12 protein chains.
Amino acid sequence: MNTPTDLSADAVEKVAKALNGLLADAFALYLKTKNFHWHLSGRHFRDYHLMLDEQSDQIFATTDPLAERVRKIGGRTLRSIGEVAKLQTIKDNDEAYVPPVEMLRELMNDNKKMAAAMRKAHEVCDDAKDVASASLLENYIDDTERRTWFLFEASRQEGGNEA
Amino acid sequence: MNTPTDLSADAVEKVAKALNGLLADAFALYLKTKNFHWHLSGRHFRDYHLMLDEQSDQIFATTDPLAERVRKIGGRTLRSIGEVAKLQTIKDNDEAYVPPVEMLRELMNDNKKMAAAMRKAHEVCDDAKDVASASLLENYIDDTERRTWFLFEASRQEGGNEA
Amino acid sequence: MNTPTDLSADAVEKVAKALNGLLADAFALYLKTKNFHWHLSGRHFRDYHLMLDEQSDQIFATTDPLAERVRKIGGRTLRSIGEVAKLQTIKDNDEAYVPPVEMLRELMNDNKKMAAAMRKAHEVCDDAKDVASASLLENYIDDTERRTWFLFEASRQEGGNEA
Amino acid sequence: MNTPTDLSADAVEKVAKALNGLLADAFALYLKTKNFHWHLSGRHFRDYHLMLDEQSDQIFATTDPLAERVRKIGGRTLRSIGEVAKLQTIKDNDEAYVPPVEMLRELMNDNKKMAAAMRKAHEVCDDAKDVASASLLENYIDDTERRTWFLFEASRQEGGNEA
Amino acid sequence: MNTPTDLSADAVEKVAKALNGLLADAFALYLKTKNFHWHLSGRHFRDYHLMLDEQSDQIFATTDPLAERVRKIGGRTLRSIGEVAKLQTIKDNDEAYVPPVEMLRELMNDNKKMAAAMRKAHEVCDDAKDVASASLLENYIDDTERRTWFLFEASRQEGGNEA
Amino acid sequence: MNTPTDLSADAVEKVAKALNGLLADAFALYLKTKNFHWHLSGRHFRDYHLMLDEQSDQIFATTDPLAERVRKIGGRTLRSIGEVAKLQTIKDNDEAYVPPVEMLRELMNDNKKMAAAMRKAHEVCDDAKDVASASLLENYIDDTERRTWFLFEASRQEGGNEA
Amino acid sequence: MNTPTDLSADAVEKVAKALNGLLADAFALYLKTKNFHWHLSGRHFRDYHLMLDEQSDQIFATTDPLAERVRKIGGRTLRSIGEVAKLQTIKDNDEAYVPPVEMLRELMNDNKKMAAAMRKAHEVCDDAKDVASASLLENYIDDTERRTWFLFEASRQEGGNEA
Amino acid sequence: MNTPTDLSADAVEKVAKALNGLLADAFALYLKTKNFHWHLSGRHFRDYHLMLDEQSDQIFATTDPLAERVRKIGGRTLRSIGEVAKLQTIKDNDEAYVPPVEMLRELMNDNKKMAAAMRKAHEVCDDAKDVASASLLENYIDDTERRTWFLFEASRQEGGNEA
Amino acid sequence: MNTPTDLSADAVEKVAKALNGLLADAFALYLKTKNFHWHLSGRHFRDYHLMLDEQSDQIFATTDPLAERVRKIGGRTLRSIGEVAKLQTIKDNDEAYVPPVEMLRELMNDNKKMAAAMRKAHEVCDDAKDVASASLLENYIDDTERRTWFLFEASRQEGGNEA
Amino acid sequence: MNTPTDLSADAVEKVAKALNGLLADAFALYLKTKNFHWHLSGRHFRDYHLMLDEQSDQIFATTDPLAERVRKIGGRTLRSIGEVAKLQTIKDNDEAYVPPVEMLRELMNDNKKMAAAMRKAHEVCDDAKDVASASLLENYIDDTERRTWFLFEASRQEGGNEA
Amino acid sequence: MNTPTDLSADAVEKVAKALNGLLADAFALYLKTKNFHWHLSGRHFRDYHLMLDEQSDQIFATTDPLAERVRKIGGRTLRSIGEVAKLQTIKDNDEAYVPPVEMLRELMNDNKKMAAAMRKAHEVCDDAKDVASASLLENYIDDTERRTWFLFEASRQEGGNEA
Amino acid sequence: MNTPTDLSADAVEKVAKALNGLLADAFALYLKTKNFHWHLSGRHFRDYHLMLDEQSDQIFATTDPLAERVRKIGGRTLRSIGEVAKLQTIKDNDEAYVPPVEMLRELMNDNKKMAAAMRKAHEVCDDAKDVASASLLENYIDDTERRTWFLFEASRQEGGNEA
Ligand SMILES: [Fe+3]
Ligand SMILES: [Fe+3]
Ligand SMILES: [Fe+3]
Ligand SMILES: [Fe+3]
Ligand SMILES: [Fe+3]
Ligand SMILES: [Fe+3]
Ligand SMILES: [Fe+3]
Ligand SMILES: [Fe+3]
Ligand SMILES: [Fe+3]
Ligand SMILES: [Fe+3]
Ligand SMILES: [Fe+3]
Ligand SMILES: [Fe+3]
Ligand SMILES: [Zn+2]
Ligand SMILES: [Zn+2]
Ligand SMILES: [Zn+2]
Ligand SMILES: [Zn+2]
Ligand SMILES: [Zn+2]
Ligand SMILES: [Zn+2]
Ligand SMILES: [Zn+2]
Ligand SMILES: [Zn+2]
Ligand SMILES: [Zn+2]
Ligand SMILES: [Zn+2]
Ligand SMILES: [Zn+2]
Ligand SMILES: [Zn+2]
């Protein structure tokens, strides 16, 4: 299981832990974004339905590369729905009805937190000299900040910063 | 939430329940297949790694259409990792080490069961006069039987039916 | 004119009648959807303009296959604008001004009725053992229910089922 | 409804009227060409079936751009099958059997007339200083004359100009 | 050899037998259509040469999916030219010269019979609850009826139903 | 610098002047449209953000062809940001906050004026016998009128012509 | 041979004569450009070889559309190498060695003359009300002026207008 | 039937005979390769299943060009399954169970023989001055030797030349 | 002009002469095929119009490669329409009316002769050890024989070898 | 306007200032490069015209991503031509005639300075922990150094480092 | 030769040395991977043959970008096979027979060392402020670790870490 | 290692030796062409840089097919940089500065020699009856002569054959 590497065993462990955390949240946020994509209502249905579809695609596209980074340096990666449920920090939302603007605001906060967590993981990778994982995260942070921006602007009041 | 339809309310409820069950299992089997794709080892690593990647892609591709079928007839669909965990009948496998052939055999059995469940759901749709959902399942059953076939042949002993 | 077939003459006549009815309504609903695509106004202009364009494309794409199904089994198909006008059950709307939400609601009801009519035609095909026509309709019913869903959600009040 | 423009109101009205006339005939000729595409018979079935399919596609492709030209300068455009029926100058042909050569000759004459009508509309646009609509028509006239040429040559007697 | 399945052993046997029969005829009709594609003559050479090429491609495209359906449910499929020769019901035509219209008429009758045989096989699949095989056949029946239509129209006398 | 041409020196000068004026405004309107694309806010953020991106792309795509038309007939074209600033008639808008609807209305008026200016330039080209430049402008006028239409409809009150 | 048209017989004759003249020159200039493309030498070999290839492609691409315009309105078009030789005004250059700069200058003058001839033909078409042919020429004039510009700049002395 | 050619009648006959022999074997080897593609089993199932699919595609792709070469020079080509059965030298293998390595070895020998037969046919073509047929065979020989190589290496013992 | 080569000066001269002859005929046959493509008439207009377009494209595609082969070995190639006229052996046909079947028969004979000339040129290349030119011709001979075959079959009487 | 972020307000301000400076220079250098692309002359016209087109495309492609990075972290970005003029450090060059080599040398120096400015901005981003902006700049620095290299080599004397 | 840059001369020298070392090893490992791709044998021939082809492609794709990075900052890069031989640290393997698993193990170790060398070079670039070269290496390290992972898993014993 | 073949052992040995020689020179000339591509200078930098890139790509593309031809007939092929160095006849050029024209002349001579060597190898293949290898070389000789032509023309004095 221990793919040969010039990184130290300690470095591998720390990077693996950081990336597995991001991976669990990616699956959780993916499904939450899809949930809202499916249960949207109101005048902006098509516009937001498409936006959430693009965002969920973008989130999902991070999962295989994150998991394989862990394996390339010899770490263990996530294994099941059960393990996602245990590691995720993004909260599920099973409410029967969520108004569209609240959907956007909630996802905005989830994405903002995810960007912060990625920036932390980036430091872990840097310290571990795992520059390849760090570089991967640079792109994902940009995407995550883009999602936050779109959700912020689409959910705010004209002329103010409130929803 | 109740998209207008000429199907009866009872029909909608039964179809929604059947499809949500399949949806939860699709997510669970998707992640399990990916799990084995990531943790494979041995001489056939590349060959099986690719096979499981194709299979996980194929399973994942069923999720949005299944969920949207439910919404098109006005039902509620799955909402979160937590709900997947509650509804899934496919069992997680978090073992640290699984020999390649056992991976294939376990997935083969999961897929075989999934095909049977889909055939049951097909009858539910037929009875409910939801011919569009039924037609969708016909393709998914074919794919699932194809996965079962590949996993069966790749995991059996030369000259016999055993693993 | 009578393409050779193993279907009975009676079966051919019934299927042809059912499909020609759907065909006339497809042309009528196509032009009505385009009408609203061209005369839309208000804040959601671009979003709905695009949605109605996609929907009109989808409706139009059913016409040649439906007409050719009739010919493949030896029936006569629709011949002219005059014949469309005679057979259509979808009502023209030549109003000078229609508010956007009413446009969506009116199309939603037209599509809902079209799905019901297709489901009836599906039974006619099944009874006539014309499984190829039936299979074609399964896809069109799915598309029609998708249009109904989008129009329903985009035209309803936040928090309720009314327009 | 009156998209802002530097064209005079009178110019808009005249251009709109000319283009809506062409639009109605485009729909009528489209369906007539399809009618013959569906009910053709005889040795050249495949060849003419394909030719009429290409021609109907080409005619249909003019409809959305013509309608949107009218809207871009603030005019009202066609709204329904009923309005097509009222405005069309192309005659429906609902005959049960039309010999192939007569089909080609009839369409040839319809297309020849359509080219002449387009040339008249081009002058209306020029007079109204609507050079964008005029430019659009230049391409459609070329296409229409191409259809006339093909139908003429394919329907004439070897060595003469008669059918 | 017995891919695991929830279908009964009896169902598998019946479906396999029906599909292997269609498979043998597909190979035989493929080669016969190519034979005529190669040995055509006369004024319509290019037009019919292309038509028969498209038709042979369409027939050939059914062979691998039919054979693999049998294997996916654990049946044995066709193995050799010799087995095709034994099972085929389509008759070889090794004549040195066949007039073009007779080529079309002969293929028209072969395709008509093939559609009828497919419809019978569809019932076998339905009874066996093999909905995936049934769904596959629905598309092939449509294609076969299309070939019959084209061959019928291209080979009939203007104004009559005779060749 | 004087590319050989059969146009008179006077014609070249007039066409060059007219096209350079359009070119400066194209750069100015491009950046203004991008400005609003970047600083949009409110419920329709994604929809208008995309619309303004498409519009800025369309405007930008006119710049190289306009400049090269001038060079092909031997005129001098625009050289720098400073020259754009000097020649532009479109006004910059550096406000910190502009409500979405005002953004659309302001761009609508800019585009309306641009279409009028292009129509004037078209006459200059016609008089100069530069039919190639005139033809280019015909397409750009159509695009500009399309942008005006979209901005008008998206910014007007339901049921009226006001913003 | 006389494709039906609403243009007068006199108009057809004049347009056909003008276009056939351009057609003959297009073939002659095509081959001359290829001649230089094949027999170039010197430091800029690759650069000019590619430029002349693009230019010859562009010239060749005008031939079928020009010829078919003549046929669409019922005129006779060019028939052979012999007829090209008789009608061409572009002079052949069969010299064993032509210095690169002289090649460019000679082609520059040929193209300049061709643009002037096209502008004359454009007037003929306008007078004949053949707006479709006129529109075609507008694009070809632009291309021809582009070739002239490239050949002029590439063949002139730095700091002057001489070769 | 005798396409005009400058080849002698004797040459045509010899080339036709040689190519028809290759054609029959191509059909026989195509189906045998498919047979093994369908009935494979064991650990390398997916890898060999794909390899045999590529090989059967490659073999099949030779059939139409070979048959049309014969027709282009005026020869008669193969007509039916019956004629394939009569001319083929490749042996059918209808065994219920063939171990994977034996499948590969058997196909390896079939392909080796086919390459030798093609080399002989190449000489026949060369002698007949049919350089176009000869050139076609050069590519097919390369492909056939590639198949032989892959089958040889995949079926041999590590460290030896035995299966 | 004398590109360095290991071929003898004599070989270069002979190959250049042979290829320039083929080149002149390619241009002449190209234009003759286009001539008939433009002036066709009768029932098969579209079918033959397309066939002759494909054939003229195929002939034209040989010209640049043939000319460049000559230059690659240091020979001089064709330079002008005048030189084509001098070297061509294909006869121009400027007749006002040519019946369709005679068009096909005349082109068939031209192509048959061209194939024979190419086979001769192939021997010249072989003798000169210019295997690259020889290989190029092998493909062109195949194409030319294909054109001959199509023209032969399309122009012959049913049941005989006469036109 | 303040997109939520975990970056400090101070960090956002510094990054925004640095990126807006780069953005203004990108617009200025884009137009200067186009200016030279349009007004080039001399033997290398086509080669340098293409090179400057590629370079201007590459520069332009940085503008939207740079501006959106600023917005994603909540900063204000550039708004108008006037603001570009105020912030740009690249100098306009409105000279009537610039010799080709001087064009290249001037752009070379502009690009060299731009690379240095980007490297400074990269440090600002790093210090602000904005790793996504930093990563974006890494690619732009590579492109800018590539442009400098090409301009340097193309403008230097053979055998020396001077222009 | 000294492309202008704001990097110090010392920085350029160090980066150039580090990258040239990687470049030499890339060529050496490329050819070694191809060597094994060509001389493989045994049951997994096709699977490993494809894997090594993908890996050699990936390695080769690094060579031009690495060499051009050196040139963009004004350094000298590698010049010949002889210089590769002098600088390479990867060892050639010219053995007549290498068992498949040993091939994989040997390449695994070569790739592992290459990743370590790249990580060192990354630090050199970082210290030299050459962030563009550093960023390039981040991607190459990821690819190299991926190759190591695949080679490790494919060559290890089931249930252990040994070959 | 000895792929089964109908070629004699002696033939295999001779072909393998000839092709391995060409292979070594292909690698050496590839790197030399890249060397010059990287170290070019002067006014034609971009033009020649691109030309040498195309030429190196073309040379490189011959290596895998040449090596695999050897393996398909059971020969041993080249294994390492060391073996390339031993077999190459193309001379390395590690000079610090080579004037552009000398670069072209040197490559011209290398390519001329390579064409001659390929022609010799072609004879070896012909004698060995390995027509597939011979056919491959026919294309490579054409490409090599094209490179020689381009390098010759681009490096010669205007009006003469000297550099
Ligand atoms: Fe992967
Ligand atoms: Fe990076
Ligand atoms: Fe969706
Ligand atoms: Fe169905
Ligand atoms: Fe126009
Ligand atoms: Fe179905
Ligand atoms: Fe125009
Ligand atoms: Fe050959
Ligand atoms: Fe060849
Ligand atoms: Fe340009
Ligand atoms: Fe980075
Ligand atoms: Fe060949
Ligand atoms: Zn993966
Ligand atoms: Zn969805
Ligand atoms: Zn149709
Ligand atoms: Zn539209
Ligand atoms: Zn298959
Ligand atoms: Zn440009
Ligand atoms: Zn044409
Ligand atoms: Zn064929
Ligand atoms: Zn060329
Ligand atoms: Zn943007
Ligand atoms: Zn390069
Ligand atoms: Zn290879």
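Reading guide: rules and limits
Residues numbered from 1 in each chain as written. Chains lettered and ligands numbered in written order. Predicted model: local features only at pLDDT ≥ 70, side-chain atom pairs only at ≥ 80, totals over all residues. Heavy atoms only, no water. Helix = DSSP H or I, 4+ residues; strand = E, 2+ residues; numbered from the N terminus. Lys, Arg positive; Asp, Glu negative; His and termini not counted. Charge placed at Lys NZ, Arg CZ, Asp CG, Glu CD. Donors = N, O, S within 2.8 Å, 3.2 Å for Na, K, Ca; no water. Buried < 20%, exposed > 50% of the residue type's maximum accessible area, 1.4 Å probe, protein only. Tetrahedral: all angles 85-135°; square planar, octahedral: opposite > 155°, others 65-115°. Axes fitted to C-alpha atoms, helices over the stretch in contact; angles between N-to-C directions. Parallel < 35°, antiparallel > 145°, perpendicular 65-115°, else oblique. Left-handed = near helix turned anticlockwise from the far one by under 90°. Contact = heavy atoms within 4.5 Å. Buried area = accessible area lost by both parts, 1.4 Å probe. Salt bridge = Lys/Arg side-chain N within 4 Å of Asp/Glu carboxyl O. Polar contact = N/O pair within 3.5 Å; in protein donor to acceptor, adjacent residues only side chain to side chain. UniProt positions renumbered as here; feature names shortened; annotations may be inferred. Least-squares fit on C-alpha atoms with pLDDT ≥ 70 in both. Phe/Tyr/Trp six-rings, centres within 6.5 Å; stacked < 30°, edge-to-face > 60°. Expected span 1.5 Å × (residues − 1). Nonpolar A, V, L, I, M, F, W, Y, C, P; charged D, E, K, R; others polar.

Chemist: What is the right way to read the overall build of chain A from this model?
Modeler: Secondary structure summary: chain A contains six helices and zero strands in total. Beginning at the N terminus, the succession of helices and strands in chain A can be written as α-α-α-α-α-α. Judged by the C-alpha coordinates and their principal axes, chain A covers about 55 × 35 × 20 Å. In chain A, the 22 positive side-chain charges and the 28 negative ones have mean positions that sit 3 Å from each other.

Chemist: I'm lost on the coordination of the iron ion (ligand 11) in this one. Help?
Modeler: For a metal bound by four donors in tetrahedral geometry, the ideal donor-metal-donor angle is 109.5 degrees, whereas six donors in octahedral geometry ideally sit at 90 or 180 degrees. Of the protein atoms, only A:Glu138 (OE), J:Glu138 (OE) and K:Glu138 (OE) coordinate the iron ion (ligand 11), at distances of 2.6 to 2.8 Å. Between the iron ion (ligand 11) and the iron ion (ligand 2), a spacing of 2.7 Å is present. Here A:Glu138, found in helix H6 (residues 131-155), pairs with K:Glu138, found in helix H6 (residues 131-155), and the two come from separate chains. Judged by its relative accessible area of 8%, A:Glu138 is buried.

Chemist: Even after reading the chapter, I still don't get the coordination of the zinc ion (ligand 19), so can you show me in this structure?
Modeler: At the metal site, the zinc ion (ligand 19) is ligated by G:Asp64 (OD), G:Asp64 (OD), G:Glu68 (OE) and I:His37 (NE2), and these contacts range over 1.9 to 2.4 Å. In this structure, the zinc ion (ligand 19) is surrounded by four donor atoms whose angles at the metal cover 54 to 157°, and the resulting shape is irregular. You can see G:Glu68 sitting in helix H3 (residues 63-72) and its partner I:His37 sitting in helix H1 (residues 9-39), one on each of two chains.

Chemist: Whenever I open this one, the packing of helix H1 (residues 9-39) of chain J against helix H5 (residues 100-127) of chain J confuses me. Can you help?
Modeler: Axis angle and axis distance: for two packed helices, these are the angle between their axes and the distance between the axes, and together they describe the pair. Residue and element names in this part refer to chain J. Where H1 contacts H5, the axes come no closer than 10 Å and their chain directions differ by 165°. The angle between H1 and H5 falls in the class roughly antiparallel. Along this stretch, H1 crosses H5, giving a crossing that reads as left-handed. Counted together, Lys14, Val15, Ala18, Leu22, Asp25, Ala26, Leu29, Lys32, Thr33, Phe36 and His39 of H1 and Met103, Glu106, Leu107, Asp110, Asn111, Met114, Ala117, Met118, Ala121, Val124 and Cys125 of H5 form the full contact between these two elements.

Chemist: How do you make sense of the interface of chain L and chain K when you look at a structure like this?
Modeler: Interface size is commonly expressed as the accessible surface area that is lost when the partners come together. Contact with chain L, which involves 33 residues of that partner, is made by 34 residues of chain K. When chain L packs against chain K, the two sides together hide about 2900 Å² of surface, and 59% of this comes from carbon and sulfur. Considering only the side of chain L, the residues that lose the most area to chain K are L:Trp38, L:Arg79 and L:Ile81, jointly responsible for 28% of the buried surface there. At the boundary of chain L with chain K, the tally comes to two salt bridges. In this structure, the salt-bridge partner of K:Lys34 is L:Asp64, at a minimum N-O distance of 2.9 Å.

Chemist: Explain the interface of chain D and chain C to me, please; I cannot follow it from the model alone.
Modeler: With 33 residues of chain D at the contact, the number on the chain C side is 34 residues. For the pair chain D and chain C, the summed buried area comes to about 3000 Å², and 59% of that belongs to carbon and sulfur atoms. Broken down residue by residue, the surface that chain D buries against chain C is led by D:Trp38, D:Arg79 and D:Ile81, which jointly contribute 28%. Our enumeration of links across chain D and chain C arrives at two salt bridges. Where chain D touches chain C, the interface holds 22 residue pairs in polar contact (both at pLDDT 80 or more). For the side of chain D that touches chain C, the elements supplying multiple residues, two or more each, are helix H1 (9-39), helix H2 (45-60), helix H3 (63-72) and helix H4 (81-87) of chain D. Among the elements that make up the side of chain D that touches chain C, the one with the highest residue count is H1(D) (nine residues).

Chemist: Where do I start with the UniProt feature "domain: Ferritin/DPS" (unreviewed entry) in chain A in this structure?
Modeler: Per the UniProt record, "domain: Ferritin/DPS" (unreviewed entry) is annotated on residues 17-151 of chain A. Overall, residues 17-151 of chain A shows 78% helix and 0% strand. The separation of its end C-alpha atoms is 29 Å.

Chemist: What is the right way to look at the relation of the copies chain L and chain K in this model?
Modeler: There are two copies of the chain, and a rotation about an axis plus a shift along that axis relates them. Mapping chain L onto chain K leaves a residual RMSD of 0.0 Å; the transformation is a rotation of 180° accompanied by 0.0 Å of translation along its axis. Such a combination of rotation and displacement between the chain copies is what one expects of a two-fold axis. Across chain L, the rotation axis passes nearest the C-alpha of L:Ile81, at a separation of 3.5 Å. Interface overlap between copies is the fraction of interface residues in one copy that are interface residues in the other; for chain L against chain K it reaches 100%, indicating a shared surface.

Chemist: Could you clarify how one ought to interpret the side chain of D:Arg79 in this entry?
Modeler: Mapped onto the elements, D:Arg79 comes out in the loop between H3 and H4. D:Glu83 provides the closest opposite charge to the buried, salt-bridge-free D:Arg79, at an N-O distance of 5.6 Å. Here C:Ala96 takes part through its backbone oxygen, which lies 3.1 Å from a polar atom of the side chain of D:Arg79.

Chemist: Which parts of the structure should I look at to understand the relation of the copies chain D and chain C?
Modeler: When chain D is fitted onto chain C, the two copies agree to an RMSD of 0.0 Å after a turn of 180° and an axial shift of 0.0 Å. Interface residue correspondence from chain D to chain C reaches 100%, placing this contact among same-surface, isologous pairings.

Chemist: Where do I start with the pattern of salt bridges in this structure?
Modeler: A pair can form between side chains of opposite charge whenever their charged atoms are brought close. This model, assessed by the stated rule, comprises 192 salt bridges over all chains. Where J:Asp130 meets J:Arg69, a salt bridge forms, and the shortest distance between an N and an O atom there is 2.9 Å. Highlighted residues: J:Asp130 in the loop between H5 and helix H6 (131-155) and J:Arg69 in helix H3 (residues 63-72), separated in sequence by 61 residues. Under the relative-accessibility criterion, J:Asp130 is labelled buried at 0%. Overall, J:Arg69 belongs to the buried group, its relative accessible area being 2%. Put simply, A:Asp6, A:Arg69, A:Lys72, A:Asp130, K:Arg119, K:Asp142 and K:Glu145 are held in one network by salt bridges that share partners.

Chemist: It is not clear to me how the packing of aromatic side chains should be interpreted in this structure. Could you clarify?
Modeler: Working definition: an aromatic ring pair is given by the centre-to-centre distance plus the angle between the planes. Tallied over the full model, the rule gives 66 aromatic pairs over all chains. These aromatic residues form a ring-pair network of at least three members: A:Tyr30, A:Phe60, B:Tyr30 and B:Phe60.

Chemist: Explain helix H2 (residues 45-60) of chain C to me, please; I cannot follow it from the model alone.
Modeler: Helical geometry note: an α-helix holds 3.6 residues per turn, so side chains three or four residues apart project in the same direction. Over its 16 residues, H2(C) extends 22 Å from the first C-alpha to the last, a length consistent with the 22 Å expected when each residue adds 1.5 Å. Restricting attention to buried positions, one finds in H2(C) the residues C:Phe45, C:Arg46, C:Asp47, C:Tyr48, C:His49, C:Met51, C:Leu52, C:Gln55, C:Ser56, C:Ile59 and C:Phe60.

Chemist: Can you help me understand the packing of H6(A) against H6(J) in this one?
Modeler: For the pair H6(A) and H6(J), the least separation of the axes is 8 Å and the interaxial angle reads 120°. Considered as vectors, H6(A) and H6(J) are oriented oblique to each other. Between H6(A) and H6(J) lies a crossing of left-handed hand. Where H6(A) approaches H6(J), its residues A:Glu138, A:Ile141, A:Asp142 and A:Glu145 are matched on the opposing element by J:Val131, J:Ala132, J:Ser135 and J:Glu138. Each residue belonging to the contact of H6(A) with H6(J) can be placed in one class, and the counts come to three nonpolar, one polar and four charged.

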